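Residue-level listing of the chains:
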Amino acid sequence: MTGGEPTTIALHTSRSAELYGSALRLLPGGVNSPVRAMRAIGRDPIFIASGRGAIITDADGNGYIDWVSSWGPLIFGHAHPAVVAAVTEAAQRGTTFGAPTEAEVMLAAEVAQRLPSVEMIRMTSSGTEATMSAVRLARAVTGREKILKFAGAYHGHVDGLLAEAGSGLATQGIPASPGVPANTTSATVIVAWNDPQAVKAATERHDLAAILLEPVPANMGVVPPEPGFLDLLRREADEHHALLIFDEVISGFRVARGGAQELYGILPDLTIMGKIVGGGLPAAAYGGPRELMERIAPSGDVYQAGTLSGNPLAVAAALATLERLSDDAYARLAATTQQLAAGLRDAAAAAGRSVQVQSVPGLLTVYFSERPVLDYEAAKSCDSEAYGAWCRALLIRGVYPPASQFEAWFPSLAHTEAHIDRTLEAASEAFAELEAR
Ligand SMILES: *Cc1c(COP(=O)(O)O)cnc(C)c1O
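Since we're looking at a predicted model, the values are computed, not measured.

### Thoughts on the packing of helix α11 (residues 327–350) against helix α14 (residues 417–436)
Logical step 1: In contact at an axis separation of 9 Å, α11 and α14 are set at 20 degrees when each is read in the N-to-C sense. When the axis of α11 is compared with that of α14, the two are roughly parallel. Our pair here, α11 against α14, has a crossing hand that is right-handed. Here T336, Q339, L340, G343, L344, A347 and A348 of α11 lie close against α14, whose contacting residues are E417, I420, T423, L424, A427, S428 and F431.
Logical step 2: In terms of residue class, the contact of α11 with α14 is built from eight nonpolar, five polar and one charged.

In structure tokens form, the structure reads like this:
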């Protein structure tokens, strides 16, 4: 990438456009998951043909530095040779048996060894399933039905958790999507993230089965917990005999070797895992201490099952990934994140644009906001239009950012200084282009 490219550069995307045309007739919105459509940044989706390391190549042959990393799973970037080899070898031995395998036991041991609060796990195929199952377990253990969740947090498309806050403090949730029964969201209590008073009011007023949270929310952009907030949640859960459930689908194996529970030193009762725990293949899990997990069938009475759960290909990818995630890897990932965050801050400042770059190791969000973003209300008040224009300007310069103000950038171990430099150069130009509008 050269510094002085004209701002009129356009991507050659005729094949993507053709594919999108066909896709619109065969897939709702042309995609299999909504954010891929890029509507939030005001453009059509880009069809991807291949990926290697930190680079993805689209159907027209354009290359991009990929900061999405499939929304989290690819902590080593695309097609890491060790992961590809592990999956290929596993496939040659058979892709699924519907029976237990040695590698599942090895993966459970690896996870338990990393996450301080986890002794046993049950695998599923998606994070959504893992959340649904952890919530079922929490309800069985406590004999209660209500779940507290935070506004702007995402835990998969579980009916009862597709809920919006009603009016007033600590109210029952209302459906956030047509097709979600009101009686499923009425058992969901929604409060603002980083708001201790709202949490206390909710735990007083409702008999909660669980407090469910992303310990580092990353689905409203990255909004780290304020100091003391996770401690408060742990105390409130204990005092009111509710379980504390960490949804570490994004933070797990990313923000630290042992996830957010290690980073912040707060132990949940149950942990939900996904994304990295599948090594780039479909897998997720939930886990906790033996006394809770043994309530799950067949050792206990709480039913939960899955034809492809613990799938041999996904487990092979997971093992190949986790065994390479050393302390050194986490130090490098943190440094990459830090460097990118600092550079983006500088690039914005140089262009006179007020942004908030919020980050934890392995995650960051560039909020188009004058003030720090501490909750969902603040995230929603960002200038999404400007964010969208900035993203479009990055894409035509070969940098692929998350196509929504409410998503995180996912640095990986495949990103080098050169990738960061090229990204910052593009970011500076894109900020300058915004100011020139
Ligand atoms: C992605 C995500 C999920 C859902 O996982 P899927 O595999 O997409 O069903 C749940 N919780 C969090 C925090 C996530 O980011």
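### Thoughts on the sheet that holds strand β1 (residues 48–52)
Logical step 1: Read across the sheet, four strands follow the order β1-β2-β3-β15 without closing on themselves; strand pairing throughout is mixed. Unpaired on one side and paired on the other, β1 and β15 (399–400) mark the two borders of the sheet.
Logical step 2: Direction of pairing for β1 relative to strand β2 (residues 55–58): antiparallel, over a ladder of four bridges. Its bridge partner being in β2, R52 is matched across the sheet by I55.

### Describing the domain arrangement of the chain
Logical step 1: Splitting the chain by domain gives domain 1 (14–66 + 327–436) and domain 2 (81–322).
Logical step 2: Spacing between the C-alpha centres of domain 1 and domain 2 amounts to 26 Å.
Logical step 3: Both faces combined, the contact of domain 1 with domain 2 buries some 1,700 Å², and carbon together with sulfur accounts for 62% of it.
Logical step 4: It is Y330, L374 and Y376 that lose the most area in domain 1 upon contact with domain 2, and together they represent 32% of the buried surface on that side.

### Concerning the site of the ligand
Logical step 1: Contacts to the ligand come from S126, G127, T128, Y154, H155, G156, E214, N219, D247, V249, I250 and K275.
Logical step 2: The side chain of T128 places a nitrogen or oxygen atom 2.7 Å from an oxygen atom of the ligand.
Logical step 3: For the ligand, an oxygen atom lies 2.6 Å from a polar atom in the side chain of K275.
Logical step 4: When the free accessible area of the ligand is taken as 380 Å², the share hidden by the protein chains comes to 83%.
Logical step 5: When the residues that make up the shell around the ligand are grouped by side-chain class, the tally is three nonpolar, six polar and three charged.

### Side note on helix α3 (residues 102–114)
Logical step 1: The end-to-end C-alpha distance of α3, which contains 13 residues, comes to 19 Å, matching closely the 18 Å that a straight helix rising 1.5 Å per residue would cover.
Logical step 2: Here α3 has its buried residues at L107, E110, V111 and R114. Each buried residue of α3 lies within a common arc of 95 degrees when the element is viewed along its axis, so the set occupies one face. Opposite the buried face of α3, by more than 90 degrees, sit the exposed residues E102 and V105.
Logical step 3: For α3, the secondary structure elements touched by its buried residues are β4 (120–124), α8 (259–264), β11 (270–273), α10 (312–322) and α11.

Conventions adopted
Residues numbered from 1 in each chain as written. Predicted model: local features only at pLDDT ≥ 70, side-chain atom pairs only at ≥ 80, totals over all residues. Heavy atoms only, no water. Axes fitted to C-alpha atoms, helices over the stretch in contact; angles between N-to-C directions. Helix = DSSP H or I, 4+ residues; strand = E, 2+ residues; numbered from the N terminus. Parallel < 35°, antiparallel > 145°, perpendicular 65-115°, else oblique. Left-handed = near helix turned anticlockwise from the far one by under 90°. Contact = heavy atoms within 4.5 Å. Nonpolar A, V, L, I, M, F, W, Y, C, P; charged D, E, K, R; others polar. Pairing = 2+ DSSP bridges. Domains from an automatic or database assignment. Buried area = accessible area lost by both parts, 1.4 Å probe. Near = heavy atom within 4 Å. Polar contact = N/O pair within 3.5 Å; in protein donor to acceptor, adjacent residues only side chain to side chain. Areas by Shrake-Rupley, 256 points an atom, 1.4 Å probe, with all protein chains shown as cover. Expected span 1.5 Å × (residues − 1). Buried < 20%, exposed > 50% of the residue type's maximum accessible area, 1.4 Å probe, protein only. Arc of directions from axis to C-beta.

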